[in-house]
Amino acid sequence: MNVLIIGSGGREHALAWKIAQSALVETVYAAPGNPGVARLAKGACVPLGVKDVPALKDFIVEKNIGLTVVGPEDPLAEGIVDTLEAAGHKVFGPCAAAARLEASKAFAKAFMARHGIPTAAYGEFDEPESAIAYIRTQGAPIVVKADGLAAGKGVTVAHDVETAIHAVEEAMRIRVFGEAGAKVVVEEFLAGEEASILAFCDGKTVVPMPSSQDHKAAYDGDQGPNTGGMGAYSPAPVVTPELQERILNEVLNPCVAGMAAEGAPYKGILYAGLMITSAGPKVVEFNVRFGDPETQVVVPRMMNDIVPVFLACCDGTLDQLAIEYDECPCVTVVMASGGYPKDYAKGKLITGIDDAETDADVMVFHAGTKLDGERLLTNGGRVLNVTARGTSLAETIQRAYAAVRKIHFEHAHCRNDIGHRALARSQR
Ligand code: AMP
Ligand code: GLY
């Protein structure tokens, strides 16, 4: 079978790497992919945009693609799955109606309220005046969220009322996120430790993957601006087996049952971003796709061939599969361009990846790279996801950083404390 992955980041490279290990698969194409995917023995890239649905549809026919896996949220929200399925193709991912769980924060919050899913208290506002009045009555800390998709930048965690009001002004009056800010959600600040649970869904059955934890702040000690994620590890010990069970029963199962009851059966990956509070797990956000960089640490732990799992999600037969994971932890460290998430230069020469990958338990997933002839150059903020499997978490972290030290490009920046919460927990 030929498989098509839509997307170009580290998440898509990790998925292509895993799919390429399937005995069922002949070629794994990525649109547009990246040089890391192109280097896989069964990998190939095709220069099509993630939202160019007519061209993607033609490509699926031309290459006789048996399964398409959609990486990013934008094409999902715009209905790529609906269109491709209507043309008779097998696609892993939710339809547009189900993708509203990520595409509209107001929809997600109201949905959670309807189905008793634990989350922060909130208000939803179409006018800046009423949002600001609500902020003044609630006080700080408080969180302001643009309703729509804003490339991960639409959330402000405000520690004072002025910052929250400023966030409302920017989103609703200045429209820095465009139409995504026409509506805002203002919600209660949740204190606790964050964790991510990604789950396979087939419309009715939910099979969670092991827990993971992202590191959103740019600098060590969780300082500095928010990024797309500077590293991750799995499992996240904050999610005890008891909590994992509660998350399944209180969040994931009610979510998938609720979507089915509302006529938008949920198929694909349901990603619950959770705050583990003193009152238990609460949903910070739902995403309708694999997390990035969480995928890079969860998928390498999966022992099954992933292709039958994707097919079971498409066919509604997920209850017939047993999915197993390696006990060993996995860690990924993001090597970013100097200056990221603000301005940064592109086109810096990258060396040392082959040397880093001489360790069989190190995988270097490409996130923002491009080829210039034979030379590999930086081409984005997050450049590489240096990933290691190991025995203990401490040893795995060391292994990942040993690999990072072998890779060079000018002004490379990474966090030096990926996994710090889990390490502190094990030392307590
Ligand atoms: P989101 O895009 O909704 O995941 O928000 C981005 C980040 O903002 C999350 O990963 C959290 O770190 C933080 N955040 C969002 N909502 C809250 C909340 N209600 N309380 C505390 N932190 C939050
Ligand atoms: N790691 C955060 C996300 O994928 O949205």
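As the structure is a prediction and not an experimental result, all values here were calculated from the model.

**What about the overall build of the protein chain?**
Now for step 1: The helix and strand tally for the protein chain stands at 15 helices and 23 strands.
Now for step 2: Here the C-alpha radius of gyration of the protein chain, 21 Å, is about what a compact globule of 428 residues would show, namely 22 Å.
Now for step 3: Considered along the principal axes of its C-alpha atoms, the protein chain spans approximately 60 × 45 × 45 Å.
Now for step 4: Burial analysis of the protein chain (428 residues in total) assigns 56% to the buried set.
Now for step 5: Look at the contacts in the protein chain between residues 6 or more apart in sequence, and 68% of them connect residues 24 or more apart.

**Quick look at the site of ligand 1**
Now for step 1: As a matter of local geometry, ligand 1 sits amid 14 residues, with Glu187, Leu190, Glu194, Lys216 and Glu285 nearest to it.
Now for step 2: Separating an oxygen atom of ligand 1 from a side-chain N or O atom of lysine 105 is a distance of 3.1 Å.
Now for step 3: Backbone polar atom of glutamate 188 to a nitrogen atom of ligand 1: 2.9 Å apart, as the coordinates give it.
Now for step 4: Against a free-state accessible area of 470 Å², the protein chains account for coverage of 91% of ligand 1.
Now for step 5: The set of elements that each furnish at least two residues to the shell around ligand 1 consists of strand E7 (142–146), strand E8 (155–158), strand E9 (184–188) and strand E17 (280–287).
Now for step 6: Here the residues of the shell around ligand 1 are counted per class, giving seven nonpolar, no polar and seven charged.

**Quick word on unusual backbone geometry**
Now for step 1: Residues alanine 31 and proline 32 are joined by a peptide bond in cis, for which omega reads -5 degrees.
Now for step 2: The step from serine 234 to proline 235 runs through a cis peptide bond, and the omega angle for that step is 0 degrees.
Now for step 3: Inspection of the secondary structure assignment puts proline 235 in the loop between strand E15 (231–234) and helix H10 (241–261).
Now for step 4: One non-glycine residue, asparagine 64, adopts positive backbone phi at about 50 degrees.
Now for step 5: Positionally, asparagine 64 belongs in the loop between helix H3 (53–62) and strand E4 (65–70).
Now for step 6: Even without glycine at this site, aspartate 222 takes up a positive phi of about 60 degrees.
Now for step 7: Relative to the helices and strands, aspartate 222 resides in the loop between strand E13 (217–219) and strand E14 (223–226).

**Considerations on the pairing of E14**
Now for step 1: Direction of pairing for E13 relative to E14: antiparallel, over a ladder of two bridges. Looking at E14, one finds that alanine 217 is bridged to asparagine 226.
Now for step 2: Linking E13 to E14, which pair antiparallel, is a turn of three residues; within it glycine 221 sits at a positive phi near 70 degrees.

**Looking at the pattern of salt bridges**
Now for step 1: Overall, the coordinates contain 29 salt bridges when judged by the stated rule.
Now for step 2: Of the charged contacts, one joins arginine 175 and glutamate 179 as a salt bridge, the two residues approaching to 2.9 Å between their closest N and O atoms.
Now for step 3: Aspartate 372 is paired through a salt bridge with arginine 375; the nearest N and O atoms lie 3.4 Å apart.
Now for step 4: Of the residues examined, arginine 375 reaches a relative accessible area of 42% and is grouped as partly exposed.

**Remarks on the sheet that holds E17**
Now for step 1: Taken in spatial order, the four strands make up an open sheet running E11-E10-E16-E17, and their pairing is antiparallel. Lying at the two open borders of the sheet, with one neighbouring strand each, are strand E11 (206–208) and E17. In this sheet, neighbouring strand axes are inclined to one another by 35 degrees on average, regardless of whether the strands run parallel or antiparallel.
Now for step 2: When strand E10 (residues 193–202) meets E11, the two strands line up antiparallel, connected through three bridges. Within E11, the residue paired with alanine 199 across the bridge is proline 208.
Now for step 3: Packing against the sheet, helix H12 (residues 306–315) makes contact with E10 and strand E16 (267–277), and its axis sits at approximately 70 degrees to E10.

**Concerning helix H7 (residues 105–114)**
Now for step 1: The buried fraction of H7 amounts to seven of the 10 residues, a majority that puts the element mostly inside the structure.
Now for step 2: Phi turns positive, to about 65 degrees, at glycine 116, one or two residues after H7.

**Section: the site of ligand 2**
Now for step 1: Close to ligand 2 lie Asp214, Lys216, Tyr271, Asn287, Arg289, Gly291, Asp292, Pro293 and Glu294.
Now for step 2: At 2.8 Å from a nitrogen atom of ligand 2 is found a side-chain nitrogen or oxygen belonging to aspartate 214.
Now for step 3: Coverage of ligand 2 by the protein amounts to 89% of the 200 Å² it exposes when considered alone.
Now for step 4: Here the residues of the shell around ligand 2 are counted per class, giving two nonpolar, two polar and five charged.

**Observations concerning the sheet that holds strand E1 (residues 2–7)**
Now for step 1: A sheet is described by the order of its strands in space; here five strands give the open sequence E3-E2-E1-E4-E5, paired in parallel fashion. The open sheet has two edge strands, strand E3 (43–45) and strand E5 (91–92), and neither has a second partner.
Now for step 2: Relative to strand E2 (residues 27–32), E1 runs parallel, the two being bridged by six bridges. The residue bridging valine 3 from the neighbouring strand is valine 28, located in E2.
Now for step 3: Here helix H1 (residues 10–19) sits on the sheet in contact with E1, E2 and E4, set at roughly 170 degrees to E1.

Criteria and thresholds
Residues numbered from 1 in each chain as written. Chains lettered and ligands numbered in written order. Predicted model: local features only at pLDDT ≥ 70, side-chain atom pairs only at ≥ 80, totals over all residues. Heavy atoms only, no water. Helix = DSSP H or I, 4+ residues; strand = E, 2+ residues; numbered from the N terminus. Rg over C-alpha atoms; globule rule 2.2 N^0.38 Å. Buried < 20%, exposed > 50% of the residue type's maximum accessible area, 1.4 Å probe, protein only. Contact = heavy atoms within 4.5 Å. Near = heavy atom within 4 Å. Polar contact = N/O pair within 3.5 Å; in protein donor to acceptor, adjacent residues only side chain to side chain. Areas by Shrake-Rupley, 256 points an atom, 1.4 Å probe, with all protein chains shown as cover. Nonpolar A, V, L, I, M, F, W, Y, C, P; charged D, E, K, R; others polar. Pairing = 2+ DSSP bridges. Salt bridge = Lys/Arg side-chain N within 4 Å of Asp/Glu carboxyl O. Axes fitted to C-alpha atoms, helices over the stretch in contact; angles between N-to-C directions.

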